[in-house]
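# Structural description and commentary
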Amino acid sequence: MLDNIRIVLVQTFHPGNIGQAARAMKTMGLTQLTLVNPRAFPDDEATRLAAGADDVVAAARVVDSLEAAVGDCVQVIGASARLRSLPLPHYDEPDAMAGEVIAHAAQGPVALVFGRERFGLTNDEIRHCTHQVSIPANPDYGVLNLSQAVQVLAYDVYRAWRRQAGRTAPQPGRGPLPDQAQLQHFHAHLERVMNASGFLNQPHARTSEHLHALFARAQPSRKELSLLRGLLSALESHLPESR
């Protein structure tokens, strides 16, 4: 199950932070590292600061976009300060997040996404996430470096995995969850139908963002998403533009 949990680092500036993050991961049983457009990689500094986790660094996957990093994931959690302008489901406590991560990792890949050292994730990158998580810290000095943030969330995930490993009965579910590529196709289909029907007639209402958040909270299964796509197709066939 831990092999289905992916740490994604976006545009890491200092290669040493990649090594330190890999070390934080390995101490908690995580080995799947993906790097989005790192400034310098491979780099000797990353290997040196991995301090025994150089196998995690050597196996890291490098991609050119966050979409490519998380497209096959059933859950994507962005580690950031809470952005109230983007109404995604938010975990105020990492341990609450960790329990759901373990449950979702039983169905498919899950990604924990960390942004740049100086300013984290952009709003556009957060939109590729299904959830946000923040790490509670001293309000007068809540500064964690990249590897510290990875360590805190990896520790909570590892604790949740150990608790789950002691259970004998599987937890009931509604069926397999869609990955992010399938969800992106659904949102694109929904956007197309809303535009063609004239539903999106108030450009400043942020309707699409609110609906995106709604479906993130609902977490439809693949079967439920297929039903929604079928409904959209039926509606689309009756629109004047589709005839």
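These notes cover the structure that comes with them.

## Here we look at the sheet that holds strand β2 (residues 32-36)
Taken together, the seven strands give an open sheet; going across it, the order is β3-β2-β1-β6-β4-β7-β5, and neighbouring strands pair in parallel fashion. Where the open sheet ends on each side, the last strands, each with one partner, are β3 (61-63) and β5 (90-91). Note: strand β4 (residues 75-79) against strand β7 (residues 131-133), three bridges, orientation parallel. The partner of glycine 78 across the bridge, within β7, is glutamine 132. Sitting on the sheet, helix α7 (residues 146-165) is in contact with β1 (5-10), β4, β6 (110-114) and β7, with an inclination near 155° to β6.

## Some details on the side chain of asparagine 17
Among the secondary structure elements, asparagine 17 is positioned in helix α1 (residues 15-27). Accessibility expressed as a relative area gives 14% for asparagine 17, which makes it buried. Among the polar contacts made by the side chain of asparagine 17, one reaches the side chain of glutamate 117 at a distance of 2.9 Å. Aside from chain neighbours lying at most four places away, what touches asparagine 17 is Thr12, Glu117 and Leu146.

## Looking at the nonpolar core
Among the nonpolar cores identified, the biggest contains 39 residues, and Ile7, Leu9, Leu33, Met97, Leu112, Phe114 and Val157 are the most heavily contacted of them. With seven residues, α7 is the largest single contributor of residues to this core. If we ignore the near neighbours within four places in the chain, the residues touching phenylalanine 114 are Ile7, Val8, Leu9, Val10, Ala79, Leu121, Leu146, Ala149, Val150 and Leu153.

## A few points about helix α8 (residues 180-197)
In this model α8 runs 25 Å from its N-terminal to its C-terminal C-alpha over 18 residues, within 8% of the 26 Å that 1.5 Å per residue would give. Listing the buried residues of α8 in full gives Gln180, Leu183, Phe186, His187, His189, Leu190, Val193 and Met194. Where α8 is buried, its residues meet α4 (66-70), β4, α9 (207-218) and α10 (222-237). The N-terminus of α8 is capped by aspartate 179, whose side-chain oxygen sits 3.2 Å from the backbone nitrogen of alanine 181.

Conventions and cut-offs
Residues numbered from 1 in each chain as written. Predicted model: local features only at pLDDT ≥ 70, side-chain atom pairs only at ≥ 80, totals over all residues. Heavy atoms only, no water. Pairing = 2+ DSSP bridges. Helix = DSSP H or I, 4+ residues; strand = E, 2+ residues; numbered from the N terminus. Contact = heavy atoms within 4.5 Å. Axes fitted to C-alpha atoms, helices over the stretch in contact; angles between N-to-C directions. Buried < 20%, exposed > 50% of the residue type's maximum accessible area, 1.4 Å probe, protein only. Polar contact = N/O pair within 3.5 Å; in protein donor to acceptor, adjacent residues only side chain to side chain. Core = buried A, V, L, I, M, F, W, Y, C linked by side-chain atoms within 4.5 Å. Expected span 1.5 Å × (residues − 1).

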